[in-house]
Amino acid sequence: MMDADTMVLPRIGDAAVEDPWGEDRPRRSTVRAATAAVTRWRIAAWLLPAVLTGALGATRIATAGPSAGESAARRAATSPWQGIGLTGDDIALGPYHLLLRGWAELFGATDLALRVPSLLAMVGAAALVGAVATRIATPAAGLLAGLIFAALPTSIRYAQQAQPYALAVFAAVLATWLLASALDRPRPRRLVPYAGAVLLLGLCQPVALLLLAAHGWVVLAFRRRDTVRWLAAVAVGLLPVAALLAVGVREGGRLASGAWPGAAVLAATPGELFGVVALGGVLAGLALFSLPLRYPAAICTAWALVPALGLLALAQAVPVWSAVNLLFTVPAWAVLGGVALARARAAGALAVLALVALLAAAAQLPA
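Where an unreviewed UniProt entry is consulted, the protein appears under the name Glycosyltransferase RgtA/B/C/D-like domain-containing protein, with the organism given as Micromonospora chalcea. UniProt, in the comment section headed Subcellular location (unreviewed entry), describes the protein in these words: "Cell membrane".

Here you go:
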């Protein structure tokens, strides 16, 4: 008779220990290396887009011809303080003209000096685009989103113009990044800087406050318990802007310049918004792969779509439809594009990124 195989039963105290000797655990050095690699990717996700935007925006910033909207900015920068009002034909220009007047006092009123705030704002926006995409997805998505945003012709164009639109783009990205942070770790104090970003957004471009409709949809859909605190923060940020708008409208000022949304005007919007129609098509195609209605990517989904629908509804009453009034939604499309490319194979992502760069470069060539 053969002896049965001996079976060694573990002691009850050892039952929960799968690897008592620690042989299968990752070495501390490996964990530290992986953490360091992730940290480097997170830094690259905002640093490289910022550097690229700065380099592209600085190209020809001093020699580019003045745009139609820069003449008022130049007059404001060289006018006495008493000659700059917070009201006027376009309500949004008053606070920006005050900013330029103070800037010119410190750095002069040359074309280059007056355009530097826009360049700095676009550089900051590119960095935050990478940070937003990293938060909702991965550092790779953040890097790709930031590079897409930096390459867009409209990012470069408005980085080189003394107009408030670049600052509005920065404020929109900042507000969205702060909201995502506040919703991930709900604390009342986290909404204080968000209120400041809302104030900055309203002072730069009042019509860009349509972004709050997108933020409100996200809060109601996914963080309903934080609705009251969010509304309080929005109210704090909106009160000064509302007072300014009330005075401006009472004196005959306009909320924003634009046109009635006819078929021809709507058809021209993608080309004006992204710099070339083909780029709009590429980003829209990428967005189809990253438009889920679930948190956290829903933040950018709402950011890209809800303000456009709101502006279209508003334009039925007053002629405010304009691509520049939707410029603050461009970062959302870049984030959605970066998220989509991060899910693709490396070769495919690089090919699409090269296509975006090629189309953007072609749009920058003189006609």
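Don't stop here, the text continues.
Caption draft 1: Representation of the confidence of the model for the protein within the structure. On average, the protein scores 84 in pLDDT, and the residues at 70 or more come to 84%. Considering only residues more than four positions removed or in separate chains, one finds that residues 9–24, a stretch of pLDDT under 50, has two contacts.

Caption draft 2: Structural detail: a positive patch on the surface. A grouping of R185, R187, R189 and R190 is seen on the molecular surface, where their side chains present a positively charged patch. Turning to its location among the elements, R190 is positioned in the loop between α7 (165–184) and α8 (191–204). A residue is classified by how much of its surface remains accessible, and R190, at 30% relative accessible area, is partly exposed.

Caption draft 3: Inspection of the environment of L201 at higher detail. Tracing the chain through its elements places L201 in helix α8. Note on L201: relative accessible area 1%, which makes it buried. Sequence spacing of L201 and V173 is 28 residues, and the spatial spacing of their C-alpha atoms is 9.7 Å. The residues contacting L201, other than those within four sequence positions of it, are A168, A171, A172, P206, A208, L209 and L211.

Caption draft 4: Layout of the pattern of salt bridges. Counted by the stated rule, this structure contains five salt bridges. Two residues, E70 and R115, come together in a salt bridge whose shortest N-O distance is 3.0 Å. Pair noted here: E70 is in helix α2 (residues 70–77) and R115 is in helix α4 (residues 111–136), with a separation of 45 residues, a long-range link. Of the two residues examined, E70 and R115, each falls in the buried class. With a closest N to O distance of 2.5 Å, D226 and R229 form a salt bridge. The exposure class assigned to D226 is buried, which follows from its relative accessible area of 4%. Classification of R229 by relative accessible area gives partly exposed; the value is 32%.

The rules behind the values
- Residues numbered from 1 in each chain as written.
- Predicted model: local features only at pLDDT ≥ 70, side-chain atom pairs only at ≥ 80, totals over all residues.
- Heavy atoms only, no water.
- UniProt positions renumbered as here; feature names shortened; annotations may be inferred.
- pLDDT = per-residue confidence, 0-100.
- Contact = heavy atoms within 4.5 Å.
- Patch = residues over 30% accessible without salt bridge, like charges linked within 9 Å, V, L, I, M, F, W, Y side chains within 5 Å.
- Areas by Shrake-Rupley, 256 points an atom, 1.4 Å probe, with all protein chains shown as cover.
- Salt bridge = Lys/Arg side-chain N within 4 Å of Asp/Glu carboxyl O.
- Lys, Arg positive; Asp, Glu negative; His and termini not counted.
- Charge placed at Lys NZ, Arg CZ, Asp CG, Glu CD.
- Helix = DSSP H or I, 4+ residues; strand = E, 2+ residues; numbered from the N terminus.
- Buried < 20%, exposed > 50% of the residue type's maximum accessible area, 1.4 Å probe, protein only.

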